[in-house]
Amino acid sequence: MRRPVKRAFRYRFYPTSEQAAELSRTFGCVRLVYNKALEERTRAWYGEQRRVSYAQSSAALTEWKKTEELAFLREVSCVPLQQALRHLQTAFTSFFAKRAGYPRHKSRKRSRASAEYTRSAFTWRDGRLTLAKMSGPLDIRWSRPLPQGAEPTTATVSRDAAGRWFVSLLCEDTVTEAPATGAAVGIDAGITSLVTLSTGEKIANPRHERRDRTRLARAQRQLSRKRKGSNNRDKARRKVARVHARIADRRRDFLHKLTTRLVRENQTVVIEDLAVRNLLKNGRLARAISDASWTELRSMLEYKCAWYGRELVVIDRWFPSSRLCGACGAVRGKLPLNVRTWTCECGAVHDRDVNAARTILAAGLAAAACGDGVRPQRESSRTRQSSMKQEPQRATAGTPRL
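Counting restarts for each chain: residues are numbered from 1 in the order of the written sequence. The model is predicted, so local features are restricted to residues of pLDDT at least 70 and side-chain atom pairs to those at 80 or more, both for listing and for counting; the totals for chains, interfaces and linings are taken over all residues. Hydrogens are left out, water is left out, and the side-chain values use all remaining heavy atoms of the structure.

Q: Any chance you could explain the UniProt feature "domain: Probable transposase IS891/IS1136/IS1341" (unreviewed entry) in the protein here in plain terms?
A: Under the local residue numbering, the UniProt record ascribes the feature "domain: Probable transposase IS891/IS1136/IS1341" (unreviewed entry) to residues 174-282. Regarding residues 174-282, the helix share stands at 51% and the strand share at 20%, and the terminal C-alpha atoms are separated by 43 Å. UniProt positions are given in the numbering used here, feature names are shortened, and annotations may be inferred rather than shown by experiment. Starting at the N terminus, helices and strands are each numbered in turn, a helix being any DSSP run of H or I of at least four residues and a strand any DSSP run of E of at least two.

Q: Which parts of the structure should I look at to understand the packing of helix α1 (residues 17-48) against helix α3 (residues 78-96)?
A: Packed helix pairs are specified by the crossing angle of their axes together with the interaxial distance, meaning the distance between the axes. The angle between two axes is taken between their N-to-C directions and runs from 0 to 180 degrees, where each axis is a line fitted to C-alpha atoms and a helix contributes only its stretch in contact. Between α1 and α3, whose axes approach to 9 Å, the crossing angle comes to 40 degrees. By the angle between their axes, α1 is oblique relative to α3. As α1 packs across α3, the resulting crossing turns out to be right-handed. Across from Thr26, Cys29, Val30, Val33, Tyr34, Ala37, Leu38, Arg41 and Trp45 in α1, the residues of α3 making contact are Pro80, Leu81, Ala84, Leu85, His87, Leu88, Gln89, Ala91, Phe92 and Phe96. For this classification, the nonpolar set comprises Ala, Val, Leu, Ile, Met, Phe, Trp, Tyr, Cys and Pro, the charged set comprises Asp, Glu, Lys and Arg, and every other residue, Gly included, is treated as polar. Taken together, the residues that form the contact of α1 with α3 break down as 15 nonpolar, three polar and one charged. Any angle that falls under 35 degrees is termed roughly parallel, while one over 145 is termed roughly antiparallel, one within 65 to 115 roughly perpendicular, and all others oblique. For any pair of crossing helices, the crossing counts as left-handed if the nearer helix is rotated counterclockwise from the farther one by less than a right angle, and right-handed if it is rotated clockwise. Residue contacts are counted whenever heavy atoms from the two residues lie within 4.5 Å of one another.

Q: Please explain unusual backbone geometry as it appears in this structure.
A: Phi is mostly negative for residues that are not glycine, and the peptide bonds are mostly trans. Backbone geometry places Lys98, a non-glycine residue, at a positive phi of 60 degrees. Its place among the elements puts Lys98 in the loop between α3 and β2 (113-118). Look at Arg207: it is not a glycine, yet its phi comes out positive at around 50 degrees. Here Arg207 is to be found in the loop between β10 (202-204) and α4 (208-211).

Q: Looking at this model, I keep getting lost on the environment of Asp351. Mind explaining?
A: Along the chain, the position of Asp351 falls in strand β14 (residues 349-351). To sort residues, take the accessible area from a 1.4 Å probe on protein chains only and compare it with the maximum for the residue type: under 20% means buried, over 50% means exposed, and anything in between is partly exposed. Residue classification places Asp351 among the partly exposed positions, given a relative accessible area of 27%. Leave out the neighbours within four places in its chain, and Asp351 touches Lys202, Arg340 and Thr341.

Q: What should I look at first to understand the side chain of Arg31 in this one?
A: With respect to the element layout, Arg31 can be found in helix α1. If we skip the residues at most four places from it in the chain, Arg31 touches Lys106, Ser107 and Arg108.

Q: So what exactly am I meant to see when it comes to helix α10 (residues 352-370) here?
A: Here, expected helix span is obtained from the residue count minus one, scaled by 1.5 Å. The end-to-end C-alpha distance of α10, which contains 19 residues, comes to 27 Å, matching closely the 27 Å that a straight helix rising 1.5 Å per residue would cover. Among all positions in α10, only Arg352, Asp353, Val354, Asn355, Ala356, Ala357, Thr359, Ile360, Leu361, Ala363, Gly364 and Ala367 are buried.

Spelled out as structure tokens, the structure:
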């Protein structure tokens, strides 16, 4: 079965000096319009308890362009500015629906510099992309081809902290469902082993950040010695950013290969619902948890399962996967983190992580078969409080397995 999906293809490109200057101006104008519209909405909401719609923000943008102070907004394409207002509208919609926090201002240093162009603001001809206000096409490195006959509907141009330029092309594509298989797998996320499968296989954590920690520390020391505002400090900052980009690229590549393999081999994938944000409050494990990138792992599994016709089951974070005996079903009362193997009263000897993956699989299959959602019944409050006392890290969201 083939299903249509919207898919983004990201490529690196090398702009000319004129193109770089035009894009930099556009990035600045997009950030200014977003922040100014946010200030107007904040003033209206907290001062008058009045909501400002996208249409009102768009009308205000037209008035800003007429002023002498903001006349430079007319020098860049109007489409990225309008898209910034649409993104702000989406952020407020999520806020009022209690799906996200209050929108924040875009920082010149911390926010990603980007601009979104819709079909009316770029030209796509013979496989070459030309943006509005530019005389020539972008010099794109086509690392992979676009789908046959596909034409981009949206082009998002961005520049990362390392100074690399990227363009993301959103296209209509068709994805073929993978052949059906009867296999199912439970996944237990950890730190020493990035994931442990219910089959008993343990996939080691590459620890990309730790491998480059010496290089990163050296670059950060050099940055700290440079005078603020100097060109040398800017060069040192880019060097630090390049190290971070190298780490992120390798981590993303590894997770893509891992999740693609899991989705292709299994019809049902069962994972735990871990609140990573709460886990990061643990100062001793925050760096290792961030390097493991469990959130990105889950995100990839979600959309790949949806694409290829697989079922993703998420069990409750309070499910006692580590303490539940996979042989007799008894729940052990105490299991400190330093205990990696344990013996049940029934005589079964368990590897902590492998047993957790197997009980996760069993719970997920039971929940899917009963049709009562993707999460089994939680433990009682008394049992949960006992578990929180025995395993401090589980008090926030699940057990980080070292």
